[in-house]
Amino acid sequence: DNAVTDDGAARLESTGWMVGPYAVARMADQPLVFSGSYLVGQSDNTASPLGTYEDTFSSDRVLATLGVAGQIDLTRLTLIPLLDLAYASDENEAYVGGASFPVRSMKVTTTHATLGLDFVMPLDTANGSLDRIGGIGATRSITDNGMEQTEATRGQTDLGFRYGMENGGRLTARATYDGLGQDDYEAYGAEVIYEISF
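Residues numbered from 1 in each chain as written. Predicted model: local features only at pLDDT ≥ 70, side-chain atom pairs only at ≥ 80, totals over all residues. Heavy atoms only, no water.

Draft legend 1. Quick peek at a nonpolar patch on the surface. Where nonpolar side chains cluster on the molecular surface, the patch consists of W17, V19, Y38 and V40 and spans about 400 Å² of accessible area. Position of W17 among the secondary structure elements: in strand 2 (residues 10–19). (Patch = residues over 30% accessible without salt bridge, like charges linked within 9 Å, V, L, I, M, F, W, Y side chains within 5 Å. Areas by Shrake-Rupley, 256 points an atom, 1.4 Å probe, with all protein chains shown as cover. Salt bridge = Lys/Arg side-chain N within 4 Å of Asp/Glu carboxyl O. Helix = DSSP H or I, 4+ residues; strand = E, 2+ residues; numbered from the N terminus.)

Below, the structure written as structure tokens:
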């Protein structure tokens, strides 16, 4: 992954990776799906606090998630209520900055709780199957950098489609926006996934 934060003269860019197990389980007699994951990794970071020099340092990362989703089948619409919990931590090593001053090791943790409602709407198509997919959600987050703790609430939305092909393949495309109701944060995303079963 690659992330860039730009705040006027200050800029931070991080490139890293994460790896770990995940599991998904569906209850046999109820339309409930449980999911969880535990990922660890590292990132290489470049920081320019004043726009005049750059510091490079590495950090260790952890991401743990837990979620539950249900399913409500209506005539021409399927609703998917969901609850997702996530915990992330990023701990950087101590280093000497470009201005020759020491920068201490710091650990930043973020906890998210998201309550959402997704939908799947079948559409008529001559070949295969076509669904409009999307959803809305609200996230409560708490961030702690060891010196102060901040809390925020924001909304997100996504919209896309899922096309099941006659050859067994499935194409999914989705665009997302995160940051509704929070003036100092916004995130855009897009994904295209092609799946085929053997």
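Draft legend 2. View of the environment of N2. Within the fold, N2 resides in strand 1 (residues 2–7). Taking the relative accessible area as the measure of exposure, N2 reaches 46% and is therefore partly exposed. Linking N2 and V62, residues 60 residues apart in sequence, is a C-alpha distance of 16 Å. Among all residues touching N2, those that are not within four sequence positions of it are E13, S14 and T15. A distance of 3.3 Å separates the side chain of N2 from the side chain of E13, its partner in a polar contact. A polar contact of 3.4 Å, which involves the side chain of N2, links it to the backbone oxygen of S14. (Buried < 20%, exposed > 50% of the residue type's maximum accessible area, 1.4 Å probe, protein only. Contact = heavy atoms within 4.5 Å. Polar contact = N/O pair within 3.5 Å; in protein donor to acceptor, adjacent residues only side chain to side chain.)

Draft legend 3. Representation of the side chain of D55 within the structure. For D55, the position within the fold is in strand 5 (residues 55–69). No salt bridge is formed by the buried D55; its nearest oppositely charged neighbour, R11, is found at 13 Å. Dropping the residues within four chain positions of it, D55 is found in contact with N45, T46, A47, P49, Y95, G97 and G98. (Lys, Arg positive; Asp, Glu negative; His and termini not counted.)

Draft legend 4. Representation of the pattern of salt bridges within the structure. The tally for this structure, following the rule as stated, stands at 9 salt bridges. In this structure, E151 engages R140 in a salt bridge whose closest nitrogen and oxygen atoms are separated by 2.5 Å. On the criterion of sequence distance, the pair formed by E151 in strand 12 (residues 149–164) and R140 in strand 11 (residues 129–144) is long-range, its members being 11 residues apart. Residue E151 is classed as partly exposed on the basis of its relative accessible area, which comes to 46%. With its nearest N and O atoms 3.4 Å apart, the salt bridge here joins R174 to E191.

In short, the description is geometric, and any link to function would need to be established separately.
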